[in-house]
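Here are the chains, one letter per residue:
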Amino acid sequence: MTVENVIIIGSGPAGFTAGLYTSRAQLKPLLLTGNEIGGQVALTYEIENYPGFPDGLPGPELVEKLQTQAERFGTRIEYDYVTEVDLQQHPFVVRTQNGQEYRTKSVIVSTGATPRKLQIPGELELTGRGVSYCATCDGFFFRNKEVVVVGGGDSALEEGLFLTRFASKVTIVHRRDELRASKIMRKRALENEKIEFIWDTVLASINAGENGAVASVTLKNVKTEELRDLPAEGVFIFIGHKPNGELFSGQLAMQDGYIVTNRTMHTNIPGVFAAGEIQDNHFRQVATSVGQGTMAAMETERFLAELEDKRYEEIKAEMAGA
Ligand code: NAP
């Protein structure tokens, strides 16, 4: 069986950048995309803060560019989803939904994170029928309709602003009376005439109309506990993300679902590196993910060179003793 040099799991900015660097280093990386190519960036309407693009660019376009650049140097891309990894034996084993079983000398984990759910009545049942986690994907369907956005971070405000292009009114419901979002986003949202804020309030439920789609939300003021209904045909939820790390639980050192790495992207297992949101719950920027993907790739290159001179067990023993 062929043993790969490096398998990259995940196709966000960190994964594609790791592909770019390892392919330029002649390592012939194999990148397994997961179910959603491009990850969260692919769902972002516009990226304004990625250096080198002064006019901003649509998220899907950035994904396309990252992929093209990685492929240009020989990154092999498979549209497949990893279902199981075995990092206890070396070469490591990676199994996929398409029934493939790979052996690899090193792994770069860049599986990212997915949107958190409110876990309230109506949310699951009405997903795709008015409940959404992606304004870029679904905003268009809410032309001249009233929508609710939940959250007080950059995502809620950015996506809320995007929704003003379609919706007649965007009500942002936040559980506190202070926004977490950056100053520039706060200013833009607070100044937008189509946006109204409801403070100190959470959603108690999302309610369907006779047509089986979202018709209203029940709001609960967290200070007074008062309940009231607000008509809305769309509910967009942006309350943070959950790291996609289940595959590695029990095998890699993790904290709150995030993979623990050192400053140079090493996990606790030699030859396994992690980059992007799966190991960073603080910065979560395209620019930082790209940087982490670069570091993981360069360290992978170093690890593979070391593996030419030493047995894996030796490297492992050295790391344990360090
Ligand atoms: P976030 O910053 O973690 O904000 C999540 C928001 O959801 C917070 O306001 C939080 O309220 C609220 N929330 C959490 N759980 C909730 C619940 N169960 N019910 C109601 N509200 C809840 O997440 P994010 O906005 O997705 O941003 C993630 C990171 O990406 C941040 O570092 C952000 O700066 C970055 N980002 C940057 C840009 C940009 O630069 N253009 C765009 C998008 C995201 P509390 O405030 O009360 O905790």
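Since the model is a prediction, treat every value here as computed from it, not as a measurement.

Each value, and the rule that gives it
- Residues numbered from 1 in each chain as written.
- Predicted model: local features only at pLDDT ≥ 70, side-chain atom pairs only at ≥ 80, totals over all residues.
- Heavy atoms only, no water.
- Buried < 20%, exposed > 50% of the residue type's maximum accessible area, 1.4 Å probe, protein only.
- Helix = DSSP H or I, 4+ residues; strand = E, 2+ residues; numbered from the N terminus.
- Pairing = 2+ DSSP bridges.
- Right-handed = clockwise from strand over helix to strand, strands pointing away.
- Contact = heavy atoms within 4.5 Å.
- Polar contact = N/O pair within 3.5 Å; in protein donor to acceptor, adjacent residues only side chain to side chain.
- Near = heavy atom within 4 Å.
- Nonpolar A, V, L, I, M, F, W, Y, C, P; charged D, E, K, R; others polar.
- Phe/Tyr/Trp six-rings, centres within 6.5 Å; stacked < 30°, edge-to-face > 60°.
- Lys NZ or Arg CZ within 6 Å of the ring centre and 35° of its normal.
- Salt bridge = Lys/Arg side-chain N within 4 Å of Asp/Glu carboxyl O.
- Axes fitted to C-alpha atoms, helices over the stretch in contact; angles between N-to-C directions.

K.L.:
How should I be thinking about the pairing of strand S9 (residues 146–150) in this particular structure?
P.N.:
The two faces of the sheet receive side chains in turn, since in a regular strand these alternate between them. Of all five residues in S9, four are buried; the element is thus mostly enclosed. Of the strand pairs in this sheet, S9 and strand S10 (residues 169–173) are connected by five bridges, and their pairing is parallel. Residue pairing for S10: Val 148 is matched across the bridge by Thr 171. A crossover links S9 with its parallel partner S10, the connecting element being helix H4 (residues 154–163), and its sense is right-handed.

K.L.:
Quick question: what am I supposed to make of the environment of Gln 251 here?
P.N.:
Position of Gln 251 among the secondary structure elements: in the loop between strand S16 (241–243) and strand S17 (254–255). When its relative accessible area of 16% is taken as the criterion, Gln 251 is described as buried. Here the alpha-carbon distance between Gln 251 and Asp 177, two residues 74 residues apart in the chain, equals 41 Å. Discounting chain neighbours no more than four positions away, the residues touching Gln 251 are Val 85, Asp 86, Leu 87, Gln 88, Asn 268 and Ile 269. Separated by 2.7 Å, the side chain of Gln 251 and the backbone oxygen of Val 85 make a polar contact.

K.L.:
Looking at this model, I keep getting lost on the site of the ligand. Mind explaining?
P.N.:
What surrounds the ligand is a group of 20 residues, the closest being Asp 154, Ser 155, Glu 158, Arg 176 and Arg 180. In this structure, Gly 152 approaches the ligand through a main-chain N or O atom, which is 2.9 Å from an oxygen atom. Note that an oxygen atom of the ligand is positioned 2.7 Å from one of the side-chain N or O atoms of Arg 180. For the shell around the ligand, the leading source of residues is H4, giving three residues. Split into classes, the residues belonging to the shell around the ligand amount to four nonpolar, ten polar and six charged.

K.L.:
Would you take a moment to explain the side chain of Ser 216 for this structure?
P.N.:
Considering the arrangement of structural elements, one finds Ser 216 in strand S13 (residues 214–221). Every residue in contact with Ser 216, bar those within four places of it in the chain, is listed here: Ile 206, Asn 207, Asp 229, Leu 230, Pro 231 and Ala 232.

K.L.:
For this particular structure, what's the right way to read the packing of aromatic side chains?
P.N.:
Between two aromatic rings, the relevant description is the distance of the centres plus the angle of the planes. Counted by the stated rule, this structure contains nine aromatic pairs. For the ring pair Phe 140 and Phe 166, a centre distance of 6.1 Å and an interplane angle of 75° mean the geometry is edge-to-face. You can see Phe 140 sitting in the loop between helix H3 (135–138) and S9 and its partner Phe 166 sitting in the loop between H4 and S10, a full 26 residues away along the chain. Since its relative accessible area comes to 51%, Phe 140 is described here as exposed. Ring geometry for Phe 197 versus Trp 199: centroids 4.9 Å apart, planes at 5°, classification stacked. Among the aromatic side chains, those forming a connected cluster through ring pairs are Phe 92, Phe 273, Phe 303 and Tyr 312. Over the ring of Phe 73 we find Arg 24; its NZ or CZ atom is 5.3 Å from the centre of that ring. For the cation-ring pair, Lys 117 lies above Tyr 133, with the distance from its terminal atom to the ring centre recorded as 4.7 Å.

K.L.:
Even after reading the chapter, I still don't get the pattern of salt bridges, so can you show me in this structure?
P.N.:
Opposite charge on two side chains allows them to pair when their charged atoms are near. For the structure on display, the rule yields 16 salt bridges. In this structure, the salt-bridge partner of Glu 101 is Arg 103, at a minimum N-O distance of 2.6 Å. Taking the relative accessible area as the measure of exposure, Arg 103 reaches 23% and is therefore partly exposed. A salt bridge links Glu 233 to Lys 145; the shortest N-O distance between them is 3.8 Å. A residue pair is termed long-range when its members are at least 10 positions apart, and Glu 233 in the loop between strand S14 (227–231) and strand S15 (234–237) and Lys 145 in the loop between H3 and S9 qualify at 88 residues. The partly exposed category is assigned to Glu 233, whose relative accessible area is 39%. Within this structure, Glu 84, Arg 95, Glu 101 and Arg 103 form a network of salt bridges that share partners.

K.L.:
Help me understand the sheet that holds S9, please; the structure alone is not making it clear to me.
P.N.:
Within a sheet, adjacent strands bond to each other through the backbone by hydrogen bonds, running parallel or antiparallel. Here five strands make up an open sheet; going across it, the order is S8-S15-S9-S10-S11 and the pairing parallel. A single partner strand is all that each edge strand has here, and the edge strands are strand S8 (131–132) and strand S11 (195–198). Both S8 and S15 contribute to a ladder of two bridges, which runs parallel. Within S15, the position partnered with Ser 132 by the bridge is Phe 236. Relative to S9, H4 is tilted by about 170°, and along the sheet it contacts S9, S10, S11 and S15.

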